[in-house]
Every structure is written in C-alpha cells, then in structure tokens.
Amino acid sequence: MYFDRLSNLLLQSSSWLQGQVPLSSTSVTAAVSRNDFEWDQITPSKHFVWHQCFGDFKCARLRVPMDWQGGSAEANKTVDIAIVKVEATVPVTDPMYGGAVVLNPGGPGGSGVGQALRGGHHVRTILSAGPTGASDSIAKVPCPPTSVGERPTDKIMWKYFDIISFDPRGVNASRPLLTCFPDRIEAAIYNLEEEAHGYIGTSDTSFDNLWASKRAVADGCSKRMADEGLAKQMSTAPVARDIVEIFERHGEWREHEAKRLLSSLPALSTLSSQDRKAIISRTAWTKGAEKLQYWGFSYGSILGATLATMYPERIHRAVLDGIADSHDYMAGGWSTNLQDTDLIFLKLAEHCWEGGKDNCAIWDEGGPPAILMNVEKTTTDLVANPISIPAHDTHGPAMVTWNDLRRLIRDIVYWPIRDFPFTAQVLHELSERNGTSLATWVRSQRPAGLGEPLGKQCEVDGPYSPACFATKDGGGPLLSWEATYGIACSDGPGDRLNQTKAEFKEYADRIMAQSKLMGASWATIQLPCTAWHARPNWRYEGDFRNKTAVPVLFASTSIDPVTPLANAFRMAEGFEGAGVLQQDSEGHSTYSGISMCSMRAIREYFQSGTLPGKVGGLENEYDWVGYGAECGVDRKPFDGYDAKGSVPDLPEGETDKDMWEALIGLNRAWP
C-alpha cells in the first residue's frame, strides 16, 4: 500500500535527521546552562530562519508590524518576536508529521521562550504519538487520518508535533522591550522596597505606600513607552494576530523544508513522482488559511479565547488550560479568580491527614480540624511575634514575619503536590519558633543578579536598554510585571485613570474579602492601571462567542487558586460544541497535578480532535460531568511523592513510560 511504503521510507529519513540533531533532555539542560547563545546573533526576518540554539532547540526572530491595522503613529514600526522550537521527531515530509503547536504560559507577561526551554520536550512527548501509535503500528495504517469525531484506532494516522513558544511583544527576548526601570539593579531595589511595604493591610501605611509606589512606576513608564509606541501596541488582540502570523510563516517554512528534504535526503530519492507529488501537496503552504494548534495556560486561556473568537475558522486544535473569565478580565475586574483559593489550604490539612505522620510534618492524630487549629495558632503567633534568625557561616541575621509566610502560601497553592510537603515543614518549624527554612525561601525569591555589576554594553547602550537587564546566566525573567501592566491595563477600560484612592481601596477590600490567602496580593494587580496612560490602538471588545472549525477544549483542576473551575464552564458556553475536562486535583492548570488520564485526553484531542467523553459510541475512562468529563489523579500531596527525587514508578495498569516521565518532568519544570 502507498502509505506503508511511504511511511517506511520516511521513517528512515526521520532516523537520519535525528542522527544529525540529538534530542536528549540532558544535552538541553547542559546547553542552556552554558549560555552559548545570544539572541542578537540572529538577524530578524519576516520569514522563519531557524538557528540552532540552547542545545537542540531552534530559535528565530520573526519581524512583524507593530501596528497590524495601520493608521497609527506606529504604522511604520516593527516588532521582533523571539521564538523557540522543539522540533518534531519526524521530518515535515513524514505523513505522521502533525505540524506545530504553539504554547503560551500566561501572565500576562510570561516568557514563552523560558516556558519552552524548561518544558518543551515534555510537551512534545505528551502530545505526540504514544507507544500504540508509533512504529509498532505504522504497518497497520491503510489510509489517511480519519475525520474529526471518528476513532477506530487501527485507522488513525498518529501525529508528531513541533512545539513552539514565543516571548510576546514587549517581553523578555522580544524587541523592543517594555522596561519601567533604567536597569535591573534599580528594578531589584524597587522590588525589595515593595516587599518591605507588605501587602494591603500588613500595616496602617502599607496601602498608602503601595498606592504611591506602583502609580509612580506606571505613570512614568506608560508615558515614556507610549512615546516610543510599544505601550500602545501590547494588548491581547495584536498578540493573537502575531500567533496567526507564526502559523503563516510556519506554513511557508514547511513547504520550503519539504522541498529541501526531497532534493537532499538520500532516503527520499527513490520515491516515485506520485509519492513526491503527494508530499508536496500535503506540505503546501495554505496561504492566508493556515490552521492554528494552541495550548494556553491561565492568561493564555484569554489569549486563546481571543484567537478562537477572532479567527474561528482557523482553529484546528485549542486547549485552554486554567481558565480565566475573559469577560471579567477585559472589563478590568479581576474579580472572578479567588472564589476557590482558600479551599486549597483546607485540602492541605485533609491531604496531610491522609498522608500520615511520616509524610506530613504537621500531622496530628486529631485529624484535619486539629491540623488547621495548630496552623492557625502558629500563624497568629507569627503575626504578633516575628522570628529572628542569628547570623551563621553563609548568611547574615534575618527575620521572618507573617508577611513572608503569606508570600510563601501565595506561591505554594499553585502547585500543592510539589510544594505542600515543604510548606508543612516550614509550618512545623515555625511552631517551634524556628524560621530557618522560611528565611532560606525568602532569600531564594530575591532578584537574580542583584550583586552583579552592570555590563559594559549597558554603559554603551544607556539606561532602559535590554543590555542593562542582562545577567551572567543569560536568563530573563519568567514573568515581567512591567509587561503585565502594559498588557492588562491595555486590555481593560481606560476609565480607571479616573479612579480615586478611596475608590480603589473599596475595590481592594472586595477582592480581599474573597480570599484570606491571596486577596491582599491579588488586589494590587490592577493598581498600576489607575496611572497607566497608554491606551491601545487595537483592543478586543467582543463577547467571546463563536463557532470554531474544531471545538475548543477547556481544561481545569477542580480547585484552582486563581482560575476557578466555574470559569471553564462559563467560558465553554460561548463556543459551540466546546468540551470541559475537569481534573480532580488542586492547583493551577492541569500540569500542577499528576494525571495520566488528563494527559491522554489532551493527547487524544490533539491527535484526532476528539473531546473527552464518549468515543465511538462506547464509554471510556472519563466520567461525565455535565457536558464535560472528569479525570482522577495518580498521585496526591503527602503520599510520598518527592518532587526532587527520581521519577516514581508507573502507576499500576499504566504502560506508557514516556508519557509518565514527561508528565512528572513537566510538573517539576513549570513554571
């Protein structure tokens, strides 16, 4: 048969290509740490010109218009988007090549480059063909992929994907860069001062100090960056258009790459003219109509919902994971995020009790109520009596406060299975008036490179230049709060400039009432928007309702600290035929837990477009929840899982070792 013969030839070429570029994760880690790559080495282009970088990754700088719609003062300016790719393990000529999947880590203001460097290989493994769809079944493939909705396993043409992520305009390695400080040392000092102010309510003056300091940053930064043009072109709508352009350029590259391989690979030289025409047809660039495949997390769900509404006919696969309420976000509310946050701390006590004394440092024979009572006693004591830590060989004297513990709790509720055991250890030590572990964690959160002098290039380029933010390890921030201001304030309404101090305090009080754990920190996110003067040239103002070419899959944990499950169902209602995958765990986005069921469902969706639920008229492993499906988890907090140890054994009944290792790796690598 045609596909049998073609597949065998292309499997040979796949092996040849893999021989040229090793794909081991070990080499990636070593290469990233060597910092032997600089983005400035790449000349920006309107087309994809891929360069080897960070080991076995490929990097490109894509030049796009700063103003996609034209007509503004920025109509003749451009933006250079930093893009990184984990290549598929088959070439584009292979019928099992599934195209590119673009990721977005959220934020807004998250670095997609950093996301891919840390977890891109794991994502490739999770989404691409598994053991039953790879070489051991290729001989059974008699025909092209079945249409969406069908799933006779012996007919599926399993797919292997490129994984692409990017730094959105204004973020990290993309240029121009949104910067609110002259250099990284000034930024670090400001961050330390802000931590000293504490959250709203930490002291009688904390709100007054935050109101003044955050508005000082926003006022000057927004005016300066508006004059340069970037701040008026950073809203979600142009970033969605950037993603469309990424797929257009990928389609163009795919066509050229297929022709290059056909003319250069010995393994393909024996193909008949009919086979060659089939490859050329399959890899041809569908100019102006390339399909989108996307997996976005947190704010990335807002970006994805915007894509699905603005370009519904292009959606081929879209998983929105950790769902924010896009309506509330675009209205500037940020008020539908914390409804379930404090439930996670209640679950800490429950999981601690189930995990037992050997696994949980704050276990109490009295059960979850006693555990919570002990924690309350510890925190109450810390509020009134901060703990001092004398100097020792490597660190000077320190003090830990209730504010420090709140910062820790704010972070750990995102990834309970990974961080709950450490939190329990910290709480146990605090109950004995020992603040060593908490002080060590606080030090670890301080800005990188604070003690390093600014480089010579900073002196040459001057204040506010990207060179003034470089560090020895070459790593950029995983999340830029400055970019967060530029994006979120642009997406929201402009009338917040008229908001008074008293009015904002009323808003902050409403947010803080939603969550004791995170309300005080969450309430300050919108504060800079009261002094952010730049208004967007292109702001999406739709209603997030549409029918996409392929239905969207919304995914959420059952208890998410900042994007509650209710948002997934609320957003899914706007997209015809959409599905909801609920993972029965706590944490932010599905990768915060460990569920083979969830990852199989997401892989199945990317492979065939099938939403979790019923397949082929038969019940599968997923339980129905309304018009969605529910997946359990394979590990829970305090069950002995060590986030820093070796990969635990496969769960009983599981056989896909590669997916299991990738799932564990992703849980450890992100954020």
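Residues numbered from 1 in each chain as written. Predicted model: local features only at pLDDT ≥ 70, side-chain atom pairs only at ≥ 80, totals over all residues. Heavy atoms only, no water.

Draft legend 1. A look at the overall build of the protein. Secondary structure summary: the protein contains 21 helices and 15 strands in total. Classification of the 671 residues of the protein by burial places 58% in the buried group. Across the protein, contacts joining residues at least 24 apart in sequence account for 77% of those joining residues at least 6 apart. Split by element, the accessible area of the protein, about 27000 Å² in all, is 52% carbon and sulfur. (Helix = DSSP H or I, 4+ residues; strand = E, 2+ residues; numbered from the N terminus. Buried < 20%, exposed > 50% of the residue type's maximum accessible area, 1.4 Å probe, protein only. Contact = heavy atoms within 4.5 Å. Areas by Shrake-Rupley, 256 points an atom, 1.4 Å probe, with all protein chains shown as cover.)

Draft legend 2. A look at the state of the cysteines. Counted under the stated rule, the structure contains six disulfides. With its sulfur 2.0 Å from that of its partner, Cys352 forms a disulfide with Cys360. Between Cys352 and Cys360 the disulfide shows an S-S torsion of about -100°. By sign, it is left-handed. Looking at Cys360, the relative accessible area reads 2%, which means it is buried. In this model Cys489 forms its disulfide with Cys529; the gap between the sulfur atoms is 2.1 Å. Looking down the S-S bond of the Cys489 and Cys529 bridge, the torsion is -90°, so its handedness is left-handed. Remark: Cys529 occurs in the loop between helix 18 (519-522) and strand 10 (553-559) and Cys489 occurs in helix 16 (residues 481-491); sequence separation between them is 40 residues. The exposure class assigned to Cys489 is buried, which follows from its relative accessible area of 2%. (Disulfide = S-S within 2.5 Å.)

Draft legend 3. Examining the nonpolar core more closely. Counting 188 residues, the largest nonpolar core has Leu127, Trp295 and Phe554 as the members making the most contacts within it. In terms of residue count, the dominant contributor to this core is helix 6 (residues 236-264) (eleven residues). Dropping the residues within four chain positions of it, Leu127 is found in contact with Val101, Phe161, Ile163, Trp295, Ile602, Arg603, Phe606 and Gln607. (Core = buried A, V, L, I, M, F, W, Y, C linked by side-chain atoms within 4.5 Å.)

Draft legend 4. A look at the confidence of the model for the protein. The predicted model of the protein averages 87 in pLDDT, with 87% of residues at 70 or higher. Confidence drops under a pLDDT of 50 for residues 614-620, and excluding neighbours within four residues, the segment shows seven contacts in the predicted structure. (pLDDT = per-residue confidence, 0-100.)

Draft legend 5. Representation of the pairing of strand 6 (residues 292-297) within the structure. Burial analysis of strand 6 places six of its six residues in the buried class, the great majority of the element. Side chains Leu292, Tyr294 and Gly296 project from strand 6 onto one buried face, and the interleaved Gln293, Trp295 and Phe297 project onto a second face that is buried too. For strand 6 and strand 7 (residues 315-321), the ladder comprises six bridges, and the chain directions are parallel. Each bridged residue has a counterpart across the sheet, and for Gly296 the counterpart in strand 7 is Leu320. On the question of chirality, the crossover connecting strand 6 to the parallel strand 7 by way of helix 8 (residues 299-310) is right-handed. (Pairing = 2+ DSSP bridges. Right-handed = clockwise from strand over helix to strand, strands pointing away.)

Draft legend 6. Broad picture of helix 8. The end-to-end C-alpha separation of helix 8 is 17 Å, in line with the 16 Å expected for twelve residues at 1.5 Å each. In terms of residue burial, helix 8 counts as a mostly covered element, since eleven of its twelve residues are buried. Every buried residue of helix 8 is accounted for by Tyr299, Gly300, Ser301, Ile302, Leu303, Gly304, Ala305, Thr306, Leu307, Ala308 and Thr309. (Expected span 1.5 Å × (residues − 1).)

Draft legend 7. Quick peek at the packing of aromatic side chains. One pass over the structure, following the stated rule, counts 24 aromatic pairs. Plain terms: the ring middles of Tyr485 and Trp532 are 6.5 Å apart, the flat faces sit at 65° to each other, and that makes the pair edge-to-face. Residue Tyr485 is found in helix 16, and its partner Trp532 is found in the loop between helix 18 and strand 10; the two are separated by 47 residues along the sequence. Residue Tyr485 is classed as buried on the basis of its relative accessible area of 9%. The buried category is assigned to Trp532, whose relative accessible area is 2%. Ring pairing ties together the aromatic residues Phe161, Trp295, Phe297, Tyr591, Tyr605, Phe606 and Trp670, which thus form one cluster. (Phe/Tyr/Trp six-rings, centres within 6.5 Å; stacked < 30°, edge-to-face > 60°.)

Draft legend 8. Focus on helix 13 (residues 416-431). For helix 13, which comprises 16 residues, the first-to-last C-alpha distance of 21 Å matches the rise-based estimate of 22 Å (1.5 Å per residue) to within 8%. After helix 13 finishes, the residue Arg433 shows a positive phi value of roughly 65°.

Draft legend 9. Inspection of the pattern of salt bridges at higher detail. Counted according to the given criterion, the structure contains 32 salt bridges. Across the pair Lys232 and Glu74 runs a salt bridge, and its minimum N-O distance is 3.1 Å. Highlighted residues: Lys232 in the loop between helix 5 (206-228) and helix 6 and Glu74 in the loop between strand 2 (57-65) and strand 3 (78-86), separated in sequence by 158 residues. Lys232 gets classed as partly exposed once you look at its relative accessible area, which sits at 24%. A network of salt bridges, in which partner residues are shared, links Arg241, Glu245, Arg249 and Glu252. (Salt bridge = Lys/Arg side-chain N within 4 Å of Asp/Glu carboxyl O.)

Draft legend 10. Main features of the packing of helix 3 (residues 112-127) against helix 21 (residues 657-669). In contact at an axis separation of 8 Å, helix 3 and helix 21 are set at 150° when each is read in the N-to-C sense. In terms of axis orientation, helix 3 runs roughly antiparallel to helix 21. The handedness of the crossing between helix 3 and helix 21 is left-handed. For the pair helix 3 and helix 21, the contacting residues are Arg118, Gly119, His122, Val123, Thr125 and Ile126 in the first and Asp658, Met659, Ala662, Leu663, Gly665, Leu666 and Ala669 in the second. (Axes fitted to C-alpha atoms, helices over the stretch in contact; angles between N-to-C directions. Parallel < 35°, antiparallel > 145°, perpendicular 65-115°, else oblique. Left-handed = near helix turned anticlockwise from the far one by under 90°.)

Draft legend 11. Summary view of the environment of Pro528. When you line up the elements, Pro528 lands in the loop between helix 18 and strand 10. Since its relative accessible area comes to 0%, Pro528 is described here as buried. Distance in space between the C-alpha atoms of Pro528 and Leu497 is 9.4 Å, their sequence separation being 31 residues. In this view, Pro528 contacts Lys214, Ala218, Tyr485 and Cys489; residues no more than four positions away in its chain are not counted.

Draft legend 12. Up close: unusual backbone geometry. At the junction of Gly107 and Pro108, the peptide bond is cis and its omega measures out at -5° in the coordinates. At the junction of Arg175 and Pro176, the peptide bond is cis and its omega measures out at 0° in the coordinates. In this fold, Pro176 is placed in the loop between strand 5 (160-167) and helix 4 (184-197). In the Ramachandran plot, Ser298 falls in the positive-phi region, its phi being about 60° despite a non-glycine side chain. Along the chain, the position of Ser298 falls in the loop between strand 6 and helix 8. Of note in this structure, Tyr464 is not a glycine but carries a positive phi near 75°. Here Tyr464 lies in the loop between helix 15 (456-461) and helix 16.

Draft legend 13. Highlighting the side chain of Thr179. With respect to the element layout, Thr179 can be found in the loop between strand 5 and helix 4. Exposure remark for Thr179: the relative accessible area of 3% places this residue in the buried category. Side-chain polar atoms of Thr179 contact the backbone oxygen of Tyr464, separated by 3.4 Å. If we skip the residues at most four places from it in the chain, Thr179 touches Cys221, Arg224, Met225, Tyr464, Phe469 and Glu482. (Polar contact = N/O pair within 3.5 Å; in protein donor to acceptor, adjacent residues only side chain to side chain.)

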